[in-house]
Amino acid sequence: MKKNLFEFVRNVYYVIRFSIFRKSKMAFVFGCPGHSNMGDQAMVLSIQKFFKKNFPQYGVICLTGHHYNAFVKCLLRCFLRKHDIVAATGGNHIGDRYKELDIYTSLSSIITPPRNLFVFPQTVYFENNEKLLETAETFNNNKNVVLLCRDKQSYQTAKKYFVKCKLYLFPDIVTLFIGLNKYNNDRKGVLFCLRDDL
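A.B. asks: Can you help me understand the overall build of the chain in this one?
C.D. replies: In terms of regular secondary structure, the chain is built from 6 helices and 7 strands. Each helix (α) and strand (β) of the chain, taken in turn from the N terminus, gives the series α-β-α-β-α-β-β-α-β-α-β-α-β. The buried share among the 198 residues of the chain stands at 43%. Contacts in the chain between residues far apart in sequence, at least 24 positions, make up 78% of those at least 6 positions apart. For the chain, the computed accessible surface area is about 12,100 Å², with 56% contributed by carbon and sulfur atoms.

Here it is in structure tokens:
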């Protein structure tokens, strides 16, 4: 309860502060983690790096939590401008395996009027065809959606159902950090992990 209240107050603060006193176009990134999982935190850093490199004219606001209070949505609808970007973090959000991660149902009230929506690399996986069609309709109602798929199977599913989206096959966003760090400590052996869904 306290954590949810804290996330709500923080989101309201960020939206008001950076929207009213902004000096640039803004990117509002939804689904940023409020927990300490290092992989999820690395994803947020990678998204910030992506925007800094490719959209340097945009300021970036990362909003935590997956389910957004109606008041926060109302604030965003008031403050969003034509050229702002609504973005969603990458991961496993487009599917029905983890219902608590379905941030697109929450975003639908924001993106229904034509908005720029940028979705970072996702796995697209549905077991329930009705839920797949419902999600596809949400995406297809907006002509300004860029969806990055992080594996070929997800890309093929999106190509079949998310017909109005601009689709790209793109590796997990955290791979932007590969090769950037150098370590001086001694190493022996290599752990090699290979996915079989690519």
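A.B. asks: Any chance you could explain helix α2 (residues 38-54) here in plain terms?
C.D. replies: Counting along an α-helix, one turn takes 3.6 residues, and residues three or four places apart therefore face a common direction. With 17 residues, α2 extends 24 Å between its outermost C-alpha atoms, agreeing within 8% with the 24 Å of an ideal straight helix rising 1.5 Å per residue. Each element contacted by the buried residues of α2 is listed here: β1 (25-32), β2 (58-64), β3 (85-88), β4 (91-95) and β5 (116-125).

A.B. asks: Help me understand the pattern of salt bridges in this model?
C.D. replies: Oppositely charged side chains can pair when the atoms bearing their charge come close. This structure, assessed with the given rule, holds 2 salt bridges. Residue Glu-134 pairs with Lys-131 through a salt bridge whose shortest N-O separation is 3.6 Å. On the criterion of helical spacing, the pair formed by Glu-134 and Lys-131 is a turn pair, its members being 3 residues apart in helix α5 (residues 129-140).

A.B. asks: What exactly am I supposed to notice about the side chain of Asp-151 here?
C.D. replies: Within the element layout of this structure, Asp-151 appears in the loop between β6 (145-149) and α6 (152-161). Looking at Asp-151, the relative accessible area reads 3%, which means it is buried. In terms of polar contacts, Asp-151 uses its side chain to reach the backbone amide nitrogen of Gln-153, at 3.2 Å.

A.B. asks: So what exactly am I meant to see when it comes to the pairing of β3 here?
C.D. replies: Here is the key point about a regular strand: its side chains alternate between the two faces of the sheet. Side-chain alternation along β3 places Ile-85 and Ala-87 on one buried face and Val-86 and Ala-88 on a second face that is also buried. Two strands pair when backbone bridges link them, and β1 and β3 are joined in this way by 4 bridges, in the parallel orientation. When the bridges of β3 are listed, Phe-28 appears paired with Val-86. Note that β3 and β5 share 4 bridges and pair parallel.

So, how was this worked out
Residues numbered from 1 in each chain as written. Predicted model: local features only at pLDDT ≥ 70, side-chain atom pairs only at ≥ 80, totals over all residues. Heavy atoms only, no water. Helix = DSSP H or I, 4+ residues; strand = E, 2+ residues; numbered from the N terminus. Buried < 20%, exposed > 50% of the residue type's maximum accessible area, 1.4 Å probe, protein only. Contact = heavy atoms within 4.5 Å. Areas by Shrake-Rupley, 256 points an atom, 1.4 Å probe, with all protein chains shown as cover. Expected span 1.5 Å × (residues − 1). Salt bridge = Lys/Arg side-chain N within 4 Å of Asp/Glu carboxyl O. Polar contact = N/O pair within 3.5 Å; in protein donor to acceptor, adjacent residues only side chain to side chain. Pairing = 2+ DSSP bridges.

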